[in-house]
Amino acid sequence: MELRGLGNPGLAFPVKALAAVLAVVTLIRLAVAATAPLAPDETYYWVWSHALAAGYLDHPPMVALWIRAGTMLAGQTALGVRLLGPLAGFAASWMLLDAGRVLFPGTKAGIVAVMLLNASLLLGVGTVIMTPDSPLLFFWTATLWTMARIAAGGSGVWWLAAGVFGGCTLDSKYTALLLWVGVGLWALLVPAGRSWLRRWQPWTACAIGFVLFAPVLAWNAAHGWVGFVKQGGRVEDWRPARAAGFLGELIGGQIGLATPLVWALCMAGLVVAVRRAWRTRDPGWSLLAALSLPPVLVFVQHAFGDRVQGNWPAIIYPALAVAAGGLLPSRRWWVGACALGFGITAVAYVQAATGLLPLPARLDPIAMRLAGWDDVAAQVRMFQDSTGAGFVAADGYALASELAWWMPAGVRVVGSDERWTLTTLPVVPIAGRTGLLVRDARQSDAPDPAVWRGAERIGTVTRGRVPGGDFAVYRVTAVGDLPMLPAR
């Protein structure tokens with residue numbers, strides 16, 4: 001890719017300015033990643049990184065591999081867990097820039113797309129918080145980039161790259177199946193795509209993707225297909241009486257996470273992409289429609305049965321950001337959208353790193369996820385010291401993961417959640433030994449007698465001002481041996 005103007009001397013300065021913006025944004029994201037406490041999902045995936053496998057109950061293994069790589073480079077720290085997120089965001093931005101260049105040559109479509117996507121909370125937060133969406137968005141964007149090259153008349157070697165990136169996308173999250181659906185629709189319905197079906201490269205790309213995803217399939221087959229059952233079971237939800245509320249939450253959540261003006265421009269890009277794909281079968285516009293419309297329809301359908309989590313539709317925005325850039329919106333619109341988006345993201349960064357704004361806890365979603373876990377661990381440690389307990393257990397995966405992250409080295413943290421038995425975590429011999437069990441204080445039932453005996457509640461620990469942040473502490477005796485979580 002020609003950095004100097006991308007083949008157009010008039011774009012040289014904007015691209016240099018864009019490089020500077022991305023460098024600054026990436027450094028800021030790395031700083032926030034290093035200072036903000038880890039969310040429970042992040043510590044959960046960090047545990048995975050110490051028990052690498054081809055699959056887990058919730059997701060494929062890519063997030064665990066990313067965390068393992070990051071902690072090898074930056075240590076068992078928050079920055080280590082999150083390191084690859086900001087770096088991948090930087091690399092994906094350049095891919096998106098080139099995708100916009102080849103689909104809309106001679107325009108600033110790629111620059112607009114990169115700025116819009118980076119200004120959104122979805123990418124601004126998604127590159128700082130390490131979840132399966134981090135590698136998913138990177139490999140999804142990489143596949144979009146390779147397919148844009150193909151749509152613009154590139155050589156067959158780009159199909160092979162698409163197979164690699166597409167396979168890695170499947171190894172990141174099961175919703176990556178929608179990416180393969182989109183590419184398949186483009187190849188079947190667009191003349192430029194159909195012409196490739198008589199050649200070997202697309203079929204080889206499919207084979208490459210299958211080979212990369214085969215270990216995940218094998219893991220599921222060996223574990224009763226639990227990953228597919230857990231995620232696939234969502235499609236059975238059907239509560240149309242609540243659809244209006246769920247749809248309202250879906251739209252409102254996307255306006256907030258994409259930021260309002262970025263969302264509006266992306267929705268305009270969706271409408272135009274679908275219209276031009278339908279009328280003209282233009283290869284570029286059809287590709288953008290194929291990679292965005294199927295996920296939109298799936299999430300709308302899901303909203304007729306259950307709530308759509310705000311991060312799920314993040315996969316639609318790389319293509320829609322390029323589509324918005326292809327519309328050539330006026331400078332006032334896209335610059336205003338970026339200014340608003342970066343401003344909102346900056347506030348989120350400051351709040352995550354410092355908790356500066358004195359918001360009520362119930363109105364502070366960042367504190368609800370991140371704050372107070374170190375205090376919980378410190379209080380549990382005091383109970384352990386006073387009782388001489390030989391281990392600390394938790395029956396919720398989130399709490400167990402946070403305790404493993406925060407408790408000092410040498411403290412055995414074990415998990416009684418059944419999901420741990422699906423991992424390769426070492427099982428420690430604690431049967432007959434006395435320890436502490438920490439569980440949500442809102443649970444009214446007694447600790448499971450099949451796992452614990454002689455349970456005696458001895459106190460409560462709290463996450464401070466976080467609503468629902470109280471945990472009951474029990475002295476218990478283990479009935480059997482349990483998996484031990486790693487320590488830092």
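Since the model is a prediction, treat every value here as computed from it, not as a measurement.

A. Fine view of the nonpolar core. Counting 131 residues, the largest nonpolar core has L116, W186, L288 and L403 as its most contacted members. Among the elements that make up this core, the one with the highest residue count is helix α8 (residues 133-151) (12 residues). Those residues in contact with L116, other than ones at most four positions away along the chain, are V262, L265, A321, A324, W334, A337 and C338. The next biggest cluster of nonpolar side chains, apart from the first, holds 12 residues, and it includes W452, A472, Y474 and A478.

B. Layout of helix α3 (residues 62-74). Taking 1.5 Å per residue as the helical rise, α3 with its 13 residues ought to reach 18 Å, and the 18 Å between its terminal C-alpha atoms agrees with that figure. Among all positions of α3, only M62, V63, A64, W66, I67, G70 and T71 are buried. Considering only its buried residues, α3 is in contact with α2 (40-49), α4 (78-82), α5 (84-103), α8 and α9 (157-170). Just past α3, the residue G75 takes up positive phi, approximately 85°.

C. Structural view of empty space enclosed by the protein. On inspection of all chains with the given rule, the structure shows three cavities of 30 Å³ or more. One number sums up the size of the largest cavity: a volume of about 200 Å³. It is α5 that provides the largest number of residues to the lining of the largest cavity, a total of six residues. Residues that form the lining of the largest cavity fall into these classes: 12 nonpolar, nine polar and one charged.

D. Inspection of the environment of A214 at higher detail. Residue position: A214 is located in helix α12 (residues 200-222). With a relative accessible area of 26%, A214 lands in the partly exposed category. Linking A214 and D171, residues 43 residues apart in sequence, is a C-alpha distance of 9.3 Å.

E. Broad picture of the sheet that holds strand β5 (residues 452-462). Ordered by their spatial adjacency, five strands build an open sheet running β2-β1-β4-β6-β5, and the pairing between neighbours is mixed. Strands with a single pairing partner mark the edges of an open sheet, and in this sheet they are β2 (413-415) and β5. Neighbour to neighbour, the strand axes of the sheet diverge by 30° on average, direction disregarded. Alignment of strand β1 (residues 392-394) against strand β4 (residues 434-440), held across three bridges, turns out to be parallel. Paired with V392 across the two strands is L436, which belongs to β4. Each of β1, β4, β5 and β6 (470-478) is contacted by helix α21 (residues 373-387), which is oriented at about 130° to β5, the strand it contacts most.

F. Region of the structure containing the pattern of salt bridges. Applying the stated criterion across every chain yields a total of 14 salt bridges. A salt bridge links R369 to D41; the nearest nitrogen and oxygen atoms lie 3.6 Å apart. Of this pair, R369 sits in helix α20 (residues 365-370) while D41 sits in helix α2, placing them 328 residues apart in sequence. Take R369: its relative accessible area is 39%, and that puts it in the partly exposed class. Among the salt bridges present, the one from D395 reaches R439, with a minimum N-O distance of 2.9 Å. Here D395 is found in the loop between β1 and α22 (397-406), whereas its partner R439 is found in strand β4, with 44 residues between them in sequence. The exposure class assigned to R439 is buried, which follows from its relative accessible area of 3%. Overlapping salt bridges bring together D58, K230, D417 and R419 as one network.

G. Highlighting the environment of G227. You can see G227 is positioned in helix α13 (residues 226-232). With a relative accessible area of 0%, G227 lands in the buried category. Along the primary structure G227 and D133 are separated by 94 residues, whereas in three dimensions their C-alpha atoms are 16 Å apart. Those residues within four positions of G227 in sequence are excluded, and the remaining contacts are Y56, L57, Y174 and N220.

H. Up close: the pairing of β4. Buried residues dominate β4, accounting for six of its seven residues. Where β4 lies against β6, seven bridges are found, and the strand directions are antiparallel. If you follow L436 over to β6, its bridge partner there is R475.

Each value, and the rule that gives it
- Residues numbered from 1 in each chain as written.
- Predicted model: local features only at pLDDT ≥ 70, side-chain atom pairs only at ≥ 80, totals over all residues.
- Heavy atoms only, no water.
- Core = buried A, V, L, I, M, F, W, Y, C linked by side-chain atoms within 4.5 Å.
- Buried < 20%, exposed > 50% of the residue type's maximum accessible area, 1.4 Å probe, protein only.
- Helix = DSSP H or I, 4+ residues; strand = E, 2+ residues; numbered from the N terminus.
- Contact = heavy atoms within 4.5 Å.
- Expected span 1.5 Å × (residues − 1).
- 1 Å grid on protein atoms, 1.4 Å probe; cavity = no way out; pocket = protein on both sides within 12 Å on 5 of 7 lines; lining within 4 Å.
- Points joined across faces, edges and corners; volume = space filled by probe spheres on them.
- Nonpolar A, V, L, I, M, F, W, Y, C, P; charged D, E, K, R; others polar.
- Pairing = 2+ DSSP bridges.
- Axes fitted to C-alpha atoms, helices over the stretch in contact; angles between N-to-C directions.
- Salt bridge = Lys/Arg side-chain N within 4 Å of Asp/Glu carboxyl O.

Worth remembering: the numbers are spatial, not functional.
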